[in-house]
Amino acid sequence: MVALDCVMQASETDIEFVASNASLLTGETAANAAAIPADWRDFVALTKPRVMTLVVFTGLCGLLVAPGHLSPVLAFTAILCIALGAGAAGALNQWYEADRDAQMKRTADRPLPAGRMSRESALHFGVGLSFFSVLLMGVATNWVAAAILALSILFYLFVYTIWLKPRTAQNIVIGGAAGAFPPLIGWAAVTGSVAPLPIALFALIFFWTPPHFWSLALFVRMDYANAGIPMLPIVAGEAATRRQILLYTGIMAAAALAPVALGLTGLVYAAVALIGTGIFAAMALQVALHDEVDPARMGPEKRLFKYSVLYLFLMFAAVVADHWVMVR
Amino acid sequence: MTPEEEKLIRARQRSRSIVTALILGALVVLFFGITIAKMSGS
């Protein structure tokens, strides 16, 4: 979910770098939010629906490649629970970060900073949805999948949102684990356990997160700076961020090719992984060699960010395609 | 509270009630499906 925050941001890469004048949660807006009940659409917005896309997709892929059989109704329920769990985590994230969101142009219009919903409503909604998604997953599939889902929600809220994000530039490196859980959950929903392949998929998302997020952070750094979030380009500088992007791309490439080396996947995945990762590495190298401070001229950075989203979709689609080819 | 605000509150309450009813209906169908799937599997 951490990494996948950026899917939502993909269509917003033309963010303007303006000093924040967004309204904080003033007494007036808070009172307004308390007096007038929030629209149901605001509850939907609280779940960050666009972030769910990649969460649901990677969870579905984990479920599809798992050995065994799960009835279509239970498989649908498992994916629904992953989506609801991600939504709950998103709601709790927005509840905790309402003041910070008010300072960023990109997030100032969310239901809480805009004063369309009370914080209490958001908290109740997030907690309720968390319990519901975990319990439904446990009842419909198994409690291993439910436990990993619970872990991912708790990790996103407590480890990433509350602990790491405001404190360290390494926030998304460790916090990225929260977004890497869906394939494990999908796999566990079918098998009731975890295995090397879903762990490799977890590792792929985990190591994909830093280059994905930092390429974004390079060209929206002022937005993060205004909100006081210690993203790497602000704390360590642009040159260090570019080097780190290349370094993590190398580790990500190893994670991407690990299933091939371990014999967990076949030729289809191997071909897509080699070509896709090669393009990723070339783009990361271009970013590493680029020396530009003006966000408007950060073409390679924006291209890497957009490609990284496509790359993850392609890699997971390849795992599923590969599985079907091998089964037949 | 102005008449406009009261009207807005009523409209919000109505739309939230409708959405809640739809979600509850969907959950009834889902739980029925889960029950049948579980019973068929065991």
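Chains are numbered independently. Their residues run from 1 in the order of the written sequence. Key to labels: chains lettered from A, ligands numbered from 1, both in the order written. Only residues with pLDDT of at least 70 are given local features in this predicted model, and only at 80 or more are side-chain atom pairs given and counted; all residues enter the totals for whole chains, interfaces and linings. Side-chain figures throughout are based on the complete set of non-hydrogen atoms in the structure, without hydrogens or water.

Turning next to the interface of chain A and chain B. With 18 residues of chain A at the interface, the matching set in chain B holds 15 residues. Carbon and sulfur atoms make up 75% of the area that chain A and chain B hide from each other, which totals about 1,400 Å². Here the buried area means the combined drop in accessible surface, using a 1.4 Å probe, for two parts upon being joined, counting both sides. On the chain A side of the interface with chain B, the three residues burying the most area are A:Ile36, A:Pro37 and A:Trp40, jointly 37% of the side's total. In the sections that follow, a salt bridge refers to a side-chain nitrogen of Lys or Arg positioned within 4 Å of a carboxyl oxygen of Asp or Glu. Across the chain A-chain B interface, the total number found is 1 salt bridge. Of the charged contacts, one joins B:Arg12 and A:Asp39 as a salt bridge, the two residues approaching to 3.7 Å between their closest N and O atoms. By the criterion applied in these results, polar contacts are pairs of N or O atoms within 3.5 Å in which, for protein atoms, one can donate a hydrogen and the other can accept it, and in which residues neighboring in sequence qualify only through two side-chain atoms. For the interface between chain A and chain B, the tally reads 4 residue pairs in polar contact (both at pLDDT 80 or more). Runs of H or I in DSSP of at least four residues are treated as helices and runs of E of at least two as strands, each being numbered from the N terminus. Among the elements of the structure, helix 3 (40-46), helix 5 (72-96) and helix 7 (119-140) of chain A are those that each provide at least two residues to the side of chain A that touches chain B. When residues of the side of chain A that touches chain B are assigned to their parent elements, the largest contribution, 5 residues, is made by helix 5 of chain A. Should any heavy atoms of two residues lie within 4.5 Å, those residues are considered in contact.

Our next topic: the confidence of the model for chain B. Interpretation of this model should avoid reading the predicted coordinates in detail wherever pLDDT is low. The predictor attaches a confidence to each residue, called pLDDT, with possible values from 0 through 100. With 98% of its residues at a pLDDT of at least 70, chain B reaches an overall mean of 91. The complex model carries a pTM of 0.85, and its ipTM stands at 0.90.

Here we come to the nonpolar core. All names here are of chain A. Side-chain atoms within 4.5 Å are what join buried Ala, Val, Leu, Ile, Met, Phe, Trp, Tyr and Cys residues into a set we call a nonpolar core. Here the term buried applies to any residue with accessible area under 20% of the maximum for its type, exposed to any over 50%, and partly exposed to those in between, with areas from a 1.4 Å probe on protein chains only. Ranked by size, the top nonpolar core spans 88 residues in total, and within it Met137, Leu204, Tyr224 and Tyr311 carry the most contacts. Examining the composition of this core, we find that 13 residues originate from one element, helix 12 (residues 196-219), more than from any other. With residues near it in sequence (within four places) discarded, Leu204 still touches Met252, Ala255, Ala256, Tyr269, Tyr311, Leu312, Met315 and Phe316. Core analysis: the second largest hydrophobic core is formed by 8 residues, Leu46, Leu112, Met117 and Ala122 among them.

This next bit is on helix 15 (residues 238-261) of chain A. Residue and element names in this part refer to chain A. In a regular helix each residue adds 1.5 Å, so 24 residues correspond to 34 Å; helix 15 covers 34 Å between its end C-alpha atoms and thus fits that length. What helix 15 keeps buried is the set Glu238, Ala240, Thr241, Arg242, Ile245, Tyr248, Thr249, Met252, Ala253, Ala255, Ala256 and Pro259. At its buried positions, helix 15 is contacted by helix 9 (171-175), helix 12, helix 13 (221-227), helix 14 (232-235), helix 16 (267-289) and helix 17 (299-327). After helix 15 finishes, the residue Gly263 shows a positive phi value of roughly 75 degrees. To estimate the expected span of a helix, subtract one from its residue number and multiply by 1.5 Å.

A few words on the packing of aromatic side chains. Residues and elements named next belong to chain A. Aromatic rings from Phe, Tyr and Trp, taking only the six-membered ring of Trp, are treated as a pair when their centres fall within 6.5 Å; an angle between ring planes under 30 degrees marks them as stacked, one over 60 as edge-to-face, and anything in between as tilted. By the definition in use, this model includes 13 aromatic pairs over all chains. Between Trp214 and Tyr248 the ring centres are 5.6 Å apart and the planes differ by 75 degrees, which places this aromatic pair in the edge-to-face class. Of this pair, Trp214 sits in helix 12 while Tyr248 is found in helix 15, placing the two residues 34 residues apart along the sequence. Residue Tyr248 is classed as buried on the basis of its relative accessible area of 12%.

Across all of its chains, the model carries 10 salt bridges over all chains by this definition. In this structure, A:Glu301 engages A:Arg242 in a salt bridge whose closest nitrogen and oxygen atoms are separated by 2.3 Å. In this pair, A:Glu301 is assigned in helix 17 and A:Arg242 in helix 15, connecting sequence segments 59 residues apart. For the pair formed by A:Glu301 and A:Arg242, the shared burial category is buried. Members of the salt-bridge network, linked through shared partners, are A:Asp39, A:Arg41 and B:Arg12.

On to the side chain of A:Ser133, then. All names here are of chain A. Mapped onto the fold, Ser133 is located in helix 7. Of note is the side chain of Ser133, whose polar atom sits 2.9 Å from the backbone oxygen of Ser130. Sequence-distant contacts of Ser133, defined by excluding residues within four places in its chain, comprise Cys81, Leu84, Gly85, Leu149 and Ile153.

So, on to the environment of A:Val159. Residues and elements named next belong to chain A. Along the chain, the position of Val159 falls in helix 8 (residues 143-164). Separated by 13 residues in the primary sequence, Val159 and Ile172 place their C-alpha atoms 10 Å from one another. Contact partners of Val159, with chain neighbours within four places excluded, come to Leu154 and Leu164.

Glancing now at a nonpolar patch on the surface. Residues and elements named next belong to chain A. Patches here are clusters of residues that have more than 30% relative accessible area and form no salt bridge, with a 9 Å joining cutoff for like charges and a 5 Å cutoff for nonpolar side chains (Val, Leu, Ile, Met, Phe, Trp, Tyr). Only the protein chains shown count as cover for residues, with accessible areas throughout obtained via the Shrake-Rupley method and a probe of 1.4 Å. Taken together, the side chains of Val127, Phe131, Leu135, Val139 and Trp143 present a nonpolar region at the surface, about 510 Å² in accessible area. Ranked by residues supplied to the nonpolar patch, first place goes to helix 7 with 4 residues. Tracing the backbone through its elements, the reader meets Val127 in helix 7. By relative accessible area, which is 33% here, Val127 ends up partly exposed.

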